[in-house]
Amino acid sequence: MNKAWMFEELDYHKRLIPLTVLPLLVLLVIGVALLVYTTGGIKYVYSHSMYLPIVLAGLVFGFKGGILVGVVGGLVLGPMMPIEVASGEMQATKNWLYRTGFFALIGFLSGVASDAARAYLKHLKWLAERDSESGLPNRQALFRHLSELSRVKDDGDVLFLAVVSFENLVELKSSFGYGVIAKAVVQLDQKLSQCIEDREVYRTAPEQLAVLIKADEHKLNSVLYSLAEDLQEPLKYENISVHLDTRMGCVQLGELSEKSETYLQRAETALIVAQEKVQDSVVYSPEILSATRENVSLLGELKKALRSGEVSMHYQPKIHIPTSQVHSVEALMRWQHPTLGNIPPGNFIPRAEQSTLINTITEFALDQSLQQQLAWQEQGIHLPVAVNISTRNLLQPGFSDKVLELLNKYGLKGENLELEVTEGALMMDMQRTLDELAKLDDLKIIISIDDFGTGYSSLQYLHSLPISLLKIDQCFVRRLPGDAGAAHILEAAITLAHKMGIRAIAEGVETLEVYDFLADLGCDFAQGYLMSRPLPAKHFTSWYQQCNGRYACWGGI
Ligand code: C2E
Ligand code: CA
Ligand code: CA
């Protein structure tokens, strides 16, 4: 049962019960007095029935109510009530005084018990609306607050709900341990409270805080901008400056006519868009919702598409520059949607990476690529295939076992497979990633670092990784040969690779000029549209056979 709902029910009863109980108490007290009188007087046991209204009063009205009804009950059965109606014998004063005192005590005790139970329930209610780690109010508290706002709305201000998320949570946890998260939440809370007047900060998810902002509708963007700037400032953790990578999603609360959950959901939708577009903040609009719905439904279709043959792998050659030989191929995913046409991997893979669907995608890519490799081997074409894998795959338990299972399925050796991993992936959870990479290395699988130079690669870790290739990102390659900065980066990356005893590959090679420049720099491999675009397997086979496995006779050199 939803705890908050349960407490709402309790509150409702708390308001309703005293109103109905009061006349009942009066009736019970009078009823017991009549019962005692008509059954012959106080000497018969019916006087004990007075406990009923006393205990009830204690439970409902607390100890004061219990004592009051105890005294009233004692008096009603007191001086005016005979011991025996038939003989007319009256009670001694100490007799009814003692009874009244005893009734008051019973009322007091039942009241104390009820007050204690009530205080405990109140504590439980407080707990149900608190995040245990940080002590901040949680999602339920936000919902309650929003629903209360809707009752007392309209004080002239425009209210916004903003959600702030930490993007580098996993990284922080792996570098500093779990403690850093709670600390970061508390410090973020302090920062938010400094930045926003009239603030309330809620922890709505482990890596997410929500805050209500009162602002002029037209000044919202500048408020969000300065908020984002303030959040950029590093946090202090054990005297170390820690950078918190934050994003924000925001929604206007307007007429407060929607359910509280809907507002949070909208702010979170805007947050997802901010994450996808790598923007500091995004304000919700109905168009955003329909776009994300489309994306989500696209993901829903992806699983079916993998089975129905709409998704396939295309292959792009990697050329060994000194010999001009085609050295290997990179497998890249293509989705030919029946109504939307060709959907580029950038439109569905990053989103799939946020769910377990990425495991299915990677398994599909591996399975298809290895199957294709076997088919090529049967035609006398021996080319290792490189498959892109994502962070989640390396953190997925038993990933290397799955890879081994697929290699065995096609009777292929580990050295026929290359896995391209992005830098960011390596930094997410260093120890687990290292363990998994070591297992893959044991299988002799080639590991390369994709998009090198774009992530936060720590050179310190690079040498401890079992990698064979640095794949220099195309953003540098594209600026060659004119851009001196890009040329220096390439040169440094190639030197670094060689000093580490591994090889360098440049991707995104589109012109002969760049190819030659890379050759002069001593780069080992090149990949790009100049040699070939990614091609369906059949077309790649023709391309390969036509050039006899050597780029030199194809590109016009
Ligand atoms: P990536 O791994 O960096 O792949 C290189 C991208 O650059 C590919 O885009 C490729 O088609 C494109 N490319 C190759 N040569 C050139 C060139 O000379 N000029 C230009 N402008 N582009 C070139 P694509 O196929 O759209 O893939 C985009 C990204 O999607 C890939 O980047 C990779 O991160 C991801 N991806 C693609 N297939 C898979 C897959 O099967 N699994 C996973 N996890 N990710 C995939
Ligand atoms: Ca790649
Ligand atoms: Ca790349």
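Quantities reported herein were computed from a predicted structural model and do not represent experimental measurements.

Calculation criteria
Residues numbered from 1 in each chain as written. Chains lettered and ligands numbered in written order. Predicted model: local features only at pLDDT ≥ 70, side-chain atom pairs only at ≥ 80, totals over all residues. Heavy atoms only, no water. Donors = N, O, S within 2.8 Å, 3.2 Å for Na, K, Ca; no water. Helix = DSSP H or I, 4+ residues; strand = E, 2+ residues; numbered from the N terminus. Buried < 20%, exposed > 50% of the residue type's maximum accessible area, 1.4 Å probe, protein only. Phe/Tyr/Trp six-rings, centres within 6.5 Å; stacked < 30°, edge-to-face > 60°. Lys NZ or Arg CZ within 6 Å of the ring centre and 35° of its normal. Polar contact = N/O pair within 3.5 Å; in protein donor to acceptor, adjacent residues only side chain to side chain. Contact = heavy atoms within 4.5 Å.

Participant: Now, about the coordination of the calcium ion (ligand 3): what can you tell me, with residues and values included?
Facilitator: The protein atoms that coordinate the calcium ion (ligand 3) are D450 (OD), D451 (OD), E507 (OE) and E507 (OE), at distances spanning 2.2 to 2.6 Å. Read N to C, the donor residues that coordinate the calcium ion (ligand 3) are spaced as D-D-x55-E. Taken as a pair, the calcium ion (ligand 3) and the calcium ion (ligand 2) show a spacing of 4.0 Å, with D450 coordinating each metal. One end of the pair, D450, is in strand β15 (residues 446-452); the other, E507, is in strand β17 (residues 503-507), with 57 residues separating them in the sequence. On the basis of relative accessibility, which here comes to 6%, the residue D450 falls in the buried class. Residue E507 is classed as buried on the basis of its relative accessible area of 7%.

Participant: Give me the packing of aromatic side chains: which residues, what numbers.
Facilitator: All told, the structure shown has nine aromatic pairs when counted by the stated rule. Considering the side-chain rings of W335 and F348, the 5.3 Å spacing of their centres and the 90 degrees angle between planes classify their relative orientation as edge-to-face. Of this pair, W335 sits in strand β11 (residues 325-337) while F348 sits in the loop between β12 (341-343) and α10 (349-352), and the two are 13 residues apart along the sequence. You'll find W335 and F348 in the same group, each marked buried. Three or more aromatic residues joined by ring pairs form one cluster here, namely Y315, W376, F540, W543 and Y544. Sitting above the plane of the Y529 ring, R533 keeps its charged end 3.9 Å from the centroid.

Participant: Lay out the coordination of the calcium ion (ligand 2) in plain terms, naming residues and giving numbers.
Facilitator: Coordination sphere of the calcium ion (ligand 2), protein contribution only: E330 (OE), N388 (OD1), E420 (OE) and D450 (OD), at 2.1 to 2.3 Å. The sequence pattern describing where the donors of the calcium ion (ligand 2) fall on their chain is E-x57-N-x31-E-x29-D. Taking the relative accessible area as the measure of exposure, N388 reaches 28% and is therefore partly exposed. Overall, the relative accessible area of 1% leaves E420 in the buried class.

Participant: Now, about the side chain of Q208: what can you tell me, with residues and values included?
Facilitator: Mapped onto the secondary structure, Q208 falls in strand β5 (residues 208-215). For Q208, a relative accessible area of 6% gives the class buried. A distance of 2.8 Å separates the side chain of Q208 from the side chain of E268, its partner in a polar contact. Beyond its immediate chain neighbours, meaning those up to four positions away, Q208 contacts R139, V163, V164, S165, Y202, R203, L264, E268 and L271.

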